[in-house]
Amino acid sequence: MCAWCLRWIAPDAPHITVPLVCDSLLPDQVFEELEIDGRPVLAIVPGPASPWARGVANVVVVTCGDECARALEQGLRDDAARARGETSPRREATERERCEAERLLRHVCAWCWKPIRRNAPVIGVYARLAGDRDRSALGGRMISLEIGGRLVASLLPEENSPAVLQGCDIGFLVCGDRCGRALTAAVALDQSLTIVH
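Below or above, wherever it landed, is the structure these notes cover. (Residues numbered from 1 in each chain as written. Predicted model: local features only at pLDDT ≥ 70, side-chain atom pairs only at ≥ 80, totals over all residues. Heavy atoms only, no water.)

Per the secondary structure count, the chain includes 4 helices and 9 strands. Going residue by residue from the N terminus, the α and β elements of the chain occur as β-β-β-β-α-α-β-β-β-α-β-α-β. Buried positions account for 38% of the 197 residues belonging to the chain. Of all intrachain contacts in the chain linking residues separated by at least 6 positions in sequence, the fraction that spans at least 24 positions is 62%. (Helix = DSSP H or I, 4+ residues; strand = E, 2+ residues; numbered from the N terminus. Buried < 20%, exposed > 50% of the residue type's maximum accessible area, 1.4 Å probe, protein only. Contact = heavy atoms within 4.5 Å.)

Here it is in structure tokens:
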């Protein structure tokens, strides 16, 4: 999957790798989630046999082509400018880009980011968001929340859906019990969320 536009890349399709340096890697980590220009980007930690393991970079981001690679590099430049105190507004996604990203994220585990096969069993984790903000206008849309130090894709249920009627503000789709328990534990430590079921 392209880390920038979230489109699937066929195994034999051309792609561009962007090497980066990440300061927060843990031992035996395989993926690292980065936030670049306000969007979650999944980076691969190269194994010891990888040609990338011998370079300066310690993570690699895979993009589907020149356009996404340029957009990713522009996002990095904009983040660096903001870190220096310069004003660099974040680019807003178009409605088409947002709809495509939401469509793809509905088939990925919110916690581990692994693709969920069609017709595979899944688990829903539902929670309440702190505060009294009315989110009904966003029902059916996806948002990202930072939970446990990572960005997690979540769905705001439609108004009058069974989830809303049971008191849920937000839902997470996970690929199994292990990710469900990990997400539930992270939510339990978060001050802005409470688990419903």
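Picking up after the structure, the text goes on.
Time to look at the layout of surface pockets. In this structure, the second largest pocket occupies an estimated 680 Å³ of space. Lining the second largest pocket are 21 residues; nearest its centre among them are Gln 29, Phe 31, Trp 111, Cys 112 and Arg 150. Those elements giving two or more residues to the lining of the second largest pocket turn out to be strand E2 (31-36) and helix H4 (177-189). Taken together, the residues of the lining of the second largest pocket break down into 11 nonpolar, 4 polar and 6 charged. (1 Å grid on protein atoms, 1.4 Å probe; cavity = no way out; pocket = protein on both sides within 12 Å on 5 of 7 lines; lining within 4 Å. Points joined across faces, edges and corners; volume = space filled by probe spheres on them. Nonpolar A, V, L, I, M, F, W, Y, C, P; charged D, E, K, R; others polar.)

Attention shifts here to helix H1 (residues 66-83). Between its first and last C-alpha atoms H1 spans 26 Å; for 18 residues at 1.5 Å apiece the expected length is 26 Å, and the two agree. Those residues of H1 lying buried are Cys 68, Ala 69, Leu 72, Gly 75, Asp 78 and Ala 81. Looking at the buried side of H1, the elements it contacts are strand E1 (16-20), E2, strand E3 (39-44) and strand E4 (59-63). (Expected span 1.5 Å × (residues − 1).)

Take the nonpolar core next. Formed by 19 residues in total, the largest nonpolar core has its most connected members in Trp 4, Leu 20, Leu 34, Ile 36, Val 41, Val 61 and Leu 72. When residues no more than four places from it in sequence are discounted, the contact partners of Ile 36 are Trp 4, Leu 20, Val 41, Leu 72, Gly 75, Leu 76 and Asp 79. (Core = buried A, V, L, I, M, F, W, Y, C linked by side-chain atoms within 4.5 Å.)

Attention now goes to the environment of Ala 153. For Ala 153, the location among the structural elements is in strand E7 (residues 150-155). Considered as a pair, Ala 153 and Ile 143 are 10 residues apart in the sequence and their alpha carbons are 5.9 Å apart. Those residues in contact with Ala 153, other than ones at most four positions away along the chain, are Leu 105, Ala 110, Met 142, Ile 143 and Phe 172.

For the structure shown, the criterion picks out 0 aromatic pairs. For Arg 39, the ring lying beneath its charged end belongs to Trp 4, and the centroid distance is 3.9 Å. (Phe/Tyr/Trp six-rings, centres within 6.5 Å; stacked < 30°, edge-to-face > 60°. Lys NZ or Arg CZ within 6 Å of the ring centre and 35° of its normal.)

Moving on, we get to the pattern of salt bridges. According to the stated counting rule, one finds 3 salt bridges in the structure shown. Between Asp 37 and Arg 82 there is a salt bridge, with its nearest N and O atoms 2.5 Å apart. Taken together, the residues Asp 37 in the loop between E2 and E3 and Arg 82 in helix H1 connect sequence positions 45 residues apart. Its salt-bridge partner being Asp 79, residue Arg 82 comes within 2.8 Å of it at the nearest N-O pair. Of the two residues, Arg 82 and Asp 79 are both situated in helix H1; the distance of 3 residues between them amounts to about one turn of the helix. Asp 79 sits in the partly exposed class, given a relative accessible area of 21%. Connected through salt bridges with shared partners, the residues Asp 37, Asp 79 and Arg 82 form a single ionic network. (Salt bridge = Lys/Arg side-chain N within 4 Å of Asp/Glu carboxyl O.)

There is a patch of nonpolar side chains on the surface, built from Val 30, Phe 31 and Ile 44 and spanning about 260 Å² of accessible area. Among the structural elements, Val 30 can be located in the loop between E1 and E2. (Patch = residues over 30% accessible without salt bridge, like charges linked within 9 Å, V, L, I, M, F, W, Y side chains within 5 Å. Areas by Shrake-Rupley, 256 points an atom, 1.4 Å probe, with all protein chains shown as cover.)

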